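Listed here are the chains, written in short residue letters.
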Amino acid sequence: GTNEALSFIAELAMTSGDYERASTMYQEMAERAAKSSDLPELAQLKSQLAAIAARRRDPATALRLLDEAGAVLRRTGRPAAAAALPYEHGVVALWDNKPVAAERLFRAALADADTTEHVSRYLAQSRLAAARLAQGDTADAERWLTTATDELDTWRGGLSDSTLRV
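Predicted, not measured: the structure shown is a model, and the values here were computed from it. (Residues numbered from 1 in each chain as written. Predicted model: local features only at pLDDT ≥ 70, side-chain atom pairs only at ≥ 80, totals over all residues. Heavy atoms only, no water.)

## As for the nonpolar core
Inference 1: Ranked by size, the top nonpolar core spans 25 residues in total, and within it Ala 22, Tyr 26, Leu 45 and Ala 62 carry the most contacts.
Inference 2: Breaking this core down by element, the ones donating at least two residues are α1 (2–15), α2 (19–35), α3 (39–55), α4 (59–75) and α6 (85–95).
Inference 3: Of the residues forming this core, the biggest block, eight residues, is contributed by α3. (Core = buried A, V, L, I, M, F, W, Y, C linked by side-chain atoms within 4.5 Å. Buried < 20%, exposed > 50% of the residue type's maximum accessible area, 1.4 Å probe, protein only. Helix = DSSP H or I, 4+ residues; strand = E, 2+ residues; numbered from the N terminus.)

This is the structure:
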């Protein structure tokens with residue numbers, strides 16, 4: 001409904017670099033989610049606000065918002081969803097030019113990702129490649145990116161019309 005449309009517009013604003021507009025929209029949606037006790041939505045919106053803060057080069061705010069999102073997710077009884085936060089923390093570390101910390105966090109996210117979580121694994125591996133590249137290890141970065149792409153291609157190659165309909 002309305003929130004999906006607003007979220008889409010906010011995502012477009014963020015992607016185009018209009019962080020002020022995106023932040024305002026996400027903050028307004030977060031306030032509505034808090035008032036209506038929609039905790040999963042509130043956690044997601046805090047994560048989006050954290051992504052904006054990271055892009056604005058404000059890692060302290062980004063980390064605070066991610067911690068708030070994690071606390072909200074744990075309150076919902078969904079600690080597994082909070083387990084995805086090392087990846088988000090890694091993204092902040094990468095934006096903050098801390099590739100060693102980012103690598104550690106992406107490795108943790110990868111270790112926590114089930115082998116059936118193909119997209120999550122791809123994201124962690126490709127970001128791990130970026131962290132390795134930022135540390136000057138081009139060969140290892142290329143290996144991680146090749147592994148990420150190969151795993152995703154293998155999974156996609158095994159999909160059929162019937163499995164996509166399920």
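What follows picks up the thread again.
## Structural notes on the pattern of salt bridges
A pair can form between side chains of opposite charge whenever their charged atoms are brought close.
Inference 1: If you walk through the whole model with that rule in mind, you get 11 salt bridges.
Inference 2: We note a salt bridge from Glu 103 to Arg 107, for which the minimum N-O separation is 2.9 Å. With Glu 103 and Arg 107 both in helix α7 (residues 99–112), this residue pair falls four residues apart, about one helical turn.
Inference 3: When its relative accessible area of 12% is taken as the criterion, Glu 103 is described as buried.
Inference 4: Judged by its relative accessible area of 37%, Arg 107 falls in the partly exposed class.
Inference 5: The closest approach of N and O atoms between Arg 132 and Asp 137, which form a salt bridge, is 2.7 Å.
Inference 6: Classification of Arg 132 by relative accessible area gives buried; the value is 13%. (Salt bridge = Lys/Arg side-chain N within 4 Å of Asp/Glu carboxyl O.)

## Comments concerning the side chain of Gln 48
Inference 1: Residue placement: Gln 48 occurs in helix α3.
Inference 2: Gln 48 gets classed as buried once you look at its relative accessible area, which sits at 15%.

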